[in-house]
Amino acid sequence: MPPQNSAHGPPFRVAMAGVVGRLIRCWCRRAVGGRSRSALPSGHPALHPGCCSLKVPALQLHVSKTAMGASQKDFENAMNQVKLLKEDPGNEVKLKLYALYKQATEGPCNTPKPGVFDLINKAKWEAWNALGSLPKETARQNYVDLVSGLSSSSDSSSQGKPEAERKQAGYETVVMTSEEGITKIMLNRPAKKNALTEQMYQEIILALEAASKDDSAITVLTGNGDYYSSGNDLTNFTNIPPEGVEAKAKNSAILLRNFVGSFIDFPKPLVAVVNGPAVGISVTVLGLFDLVYATDRATFHTPFSHLGQTPEGCSSYTFPKIMGPAKAAEMLIFGKKLTAGEACAQGLVTEVFPDSSFQKEVWTRLKAYSKLPQNAMRISKQIIRSQEKEKLHAINAKESSILQERWLSSECMNAIMNFFSQKAKL
Ligand SMILES: CCCC/C=C/CC(=O)SCCNC(=O)CCNC(=O)[C@H](O)C(C)(C)COP(=O)(O)OP(=O)(O)OC[C@H]1O[C@@H](n2cnc3c(N)ncnc32)[C@H](O)[C@@H]1OP(=O)(O)O
């Protein structure tokens, strides 16, 4: 229900949506309690908002006698469909439905504007009034279209479906699922400790892009199996294309920069559910997450010098900022492995949970957070990130370019050969 005054920017609209939401919930409690339903659009079978499980009973329909044959039938069907929606479409959509319904049945808004303190009726009036002189037939059609969109998304929603059906198609190395306001991206190469192949970097970039646009409140990255991730798959460096190693290093630097960039730019709360040990790039990008929950079995390890490499994931900036330069140097230069408790004490991890109850406790917490007002969370994240977004992108570019050189060094090549000849398990 955005106010139509263009002087009111998004924050104002968001604030108003919150106020109206609260008031609509208050109204619902009154209505369910058997008191006045005067706030309900006459004849509109609106869903009861999610504050309780009851639906507002449909009232008698008063569809205009002049409604067109088939279109009126569609309209009536749509009104019935609204009652069957499995999910609350949210206050903004309900106001839109209300407005279209009124326009379709009564024509342009013809009642006086409610007083400034009558926020619910004022919101409804504004939604209706905003439709101006939209013809009844068009309003009826728009109502039908809107309900049809809601019904199909409700039908294909995750409610009551087994997880396999909720998986989003098109990914091979990650599993992407959405449920209860949370989109989960799970690294899915457990036999290789979720080492990140080039395909995986690409799929994570795509998954983050999709999650940034979906209707979830929170996005989670986690791992399948006993590891969170063992970092970059070292076979990435052994796959040399015909164009040669320089081209390989250049392309890898571009991939790295894009991968880290998608974490820098991610617009919603991003949570790492660190289900086991984490190595290399899977550790460094944690500095770009909003929450990092770890099992007490997790360890955090960036053996860059051992591999002849240098920090990435903006860790050359975020780690000293998070844990101070001395502790950051221990990790990034000397490859010190931290326990989950140590990582938490140094601010890299938000909270550590016992492994036995890790999944249960973390998901309970996240499900509660996912019910917080989405726009407020998103805007808060963006304010925080905006302070240093440009700087992070510049650091990412610099780190990627330095690594491009490092990958061509004998130090790096020897370290990778050592790994594959089983001389070194880092
Ligand atoms: C393009 C972007 C570039 C970005 C650059 C990023 C920098 C980094 O991320 S640096 C960090 C790189 N990671 C590592 O150096 C870790 C290497 N792996 C290990 O040290 C060990 O495998 C590990 C300690 C993680 C686990 O040890 P174990 O518990 O003994 O298991 P295995 O070693 O037997 O592992 C099982 C299986 O997985 C393969 N594996 C594990 N990690 C990787 C990896 N990072 N790259 C490639 N393969 C990996 C391991 O070889 C085993 O394979 P199989 O022998 O075929 O079973």
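Keep in mind that what you see is a predicted model, and the values were worked out from it rather than measured. (Residues numbered from 1 in each chain as written. Predicted model: local features only at pLDDT ≥ 70, side-chain atom pairs only at ≥ 80, totals over all residues.)

*Asks:* Could you clarify how one ought to interpret the sheet that holds strand β9 (residues 351–353) in this entry?
*Replies:* For sheets, the rule is that strands pair by backbone hydrogen bonds, running either parallel or antiparallel. Strand order in the open sheet formed by six strands is β1-β2-β3-β4-β6-β9, with mixed pairing between adjacent strands. The open sheet is flanked by β1 (174–179) and β9, the only strands paired with a single partner. Taking each pair of neighbouring strands and ignoring which way they run, the sheet shows an average axis angle of 20 degrees. Strand direction decides the pairing type here: strand β4 (residues 270–274) and strand β6 (residues 291–295), joined by four bridges, are parallel. Residue pairing across strands places A272 opposite V292, the latter belonging to β6. (Pairing = 2+ DSSP bridges. Helix = DSSP H or I, 4+ residues; strand = E, 2+ residues; numbered from the N terminus. Axes fitted to C-alpha atoms, helices over the stretch in contact; angles between N-to-C directions.)

*Asks:* I keep staring at the site of the ligand and nothing clicks. Help me out?
*Replies:* Surveying the vicinity of the ligand reveals 23 residues, the closest of which are A195, S230, G231, N232 and G280. No other element matches the three residues that helix α8 (residues 245–264) contributes to the shell around the ligand. Within the shell around the ligand, the residues separate by chemical class into 10 nonpolar, eight polar and five charged. (Near = placed C-beta within 6 Å. Nonpolar A, V, L, I, M, F, W, Y, C, P; charged D, E, K, R; others polar.)

*Asks:* Which parts of the structure should I look at to understand the pairing of β4?
*Replies:* Regular strands show a simple pattern: their side chains alternate between the two faces of the sheet. Of all five residues that make up β4, five are buried, and the element is covered over most of its length. Of the two faces of β4, the one holding L270, A272 and V274 and the one holding V271 and V273 are both buried throughout. Note that strand β3 (residues 218–223) and β4 share four bridges and pair parallel. Considered in β4, the bridge of T222 is made with V273. Once the chain exits β3 it traverses α8 before rejoining the sheet at β4, and the crossover so formed is right-handed. (Buried ≥ 20, exposed ≤ 12 C-beta atoms within 10 Å, placed from the backbone. Right-handed = clockwise from strand over helix to strand, strands pointing away.)

*Asks:* Can you walk me through the environment of L187 in this structure?
*Replies:* When you line up the elements, L187 lands in strand β2 (residues 182–187). A sequence separation of 42 residues divides L187 from S229, and the C-alpha atoms of the two residues are 7.7 Å apart. When residues no more than four places from it in sequence are discounted, the contact partners of L187 are V174, N194, M200, G223, N224 and S229. (Contact = placed C-beta atoms within 7 Å.)

*Asks:* What is the right way to read helix α15 (residues 389–406) from this model?
*Replies:* An α-helical turn contains 3.6 residues, so any two residues separated by three or four positions project in the same direction. The terminal C-alpha atoms of α15, which comprises 18 residues, lie 26 Å apart, in line with the 26 Å expected from a rise of 1.5 Å per residue. Where α15 is buried, its residues meet α8 and α10 (315–323). (Expected span 1.5 Å × (residues − 1).)

*Asks:* I would appreciate a short explanation of the sheet that holds strand β8 (residues 338–339) in the present structure.
*Replies:* Pairing in this open sheet of three strands is mixed, and the strands run β5-β7-β8 from one edge to the other. Of all the strands in the sheet, just β5 (278–279) and β8 have a single pairing partner and so form its edges. The pairing of β5 with strand β7 (residues 299–301) spans two bridges and is classified as parallel. Opposite A278, over in β7, you have F300 as the bridge partner.

*Asks:* What is the right way to look at the packing of α10 against helix α11 (residues 325–332) in this model?
*Replies:* Between α10 and α11, the least distance of the axes is 7 Å, while the angle of their chain directions is 135 degrees. Looking at the two axes, α10 sits oblique to α11. When you trace α10 past α11, the crossing you get is right-handed. Two secondary-structure elements touch here, α10 through S315, S316, F319, P320 and M323 and α11 through P325, K327, A328, M331 and L332. The class makeup of the residues in the contact of α10 with α11 is seven nonpolar, two polar and one charged. (Parallel < 35°, antiparallel > 145°, perpendicular 65-115°, else oblique. Left-handed = near helix turned anticlockwise from the far one by under 90°.)

*Asks:* Quick question: what am I supposed to make of the nonpolar core here?
*Replies:* It is characteristic of soluble globular proteins that their nonpolar side chains tend to be buried jointly. Among the nonpolar cores identified, the biggest contains 74 residues, and V174, I185, V271, V274, V292 and A294 are the most heavily contacted of them. In this structure V292 touches A272, V274, L286, L348, V349 and T350, once residues within four positions along its chain are discounted. Counting 21 residues, the second largest nonpolar core, distinct from the first, contains M79, A104, A139 and V144. (Core = buried A, V, L, I, M, F, W, Y, C linked by C-beta atoms within 7 Å.)

*Asks:* Honestly, the packing of helix α3 (residues 91–106) against helix α4 (residues 119–129) in this entry has me stumped. Any pointers?
*Replies:* Angle between the axes and distance between the axes: these two values describe a pair of packed helices. Close contact between α3 and α4 brings their axes to 8 Å; oriented N to C, the two are set at 60 degrees. Regarding the angle of α3 to α4, the classification is oblique. The way α3 lies across α4 gives a crossing that is right-handed. Two secondary-structure elements touch here, α3 through L95, K96, Y98, A99, K102 and Q103 and α4 through A123, K124, A127 and W128. Taken together, the residues that form the contact of α3 with α4 break down as six nonpolar, one polar and three charged.

*Asks:* Sorry, what's going on with the pairing of β2 here?
*Replies:* Among the six residues that make up β2, six are buried, leaving the element largely enclosed by the rest of the structure. Judged by which residues are buried, β2 turns out to be covered on both faces: I182, K184 and M186 on one side and T183, I185 and L187 on the other are all buried. Bridging between β1 and β2 involves six bridges; their strand directions are antiparallel. Across the sheet, residue V174 finds its bridge partner in β2, namely L187. Pairing of β2 with β3, which is carried by six bridges, proceeds in the parallel orientation. Directly across from I182, in β3, lies its bridge partner I218. For the segment spanning β2, helix α7 (residues 198–213) and β3, crossover handedness is right-handed.

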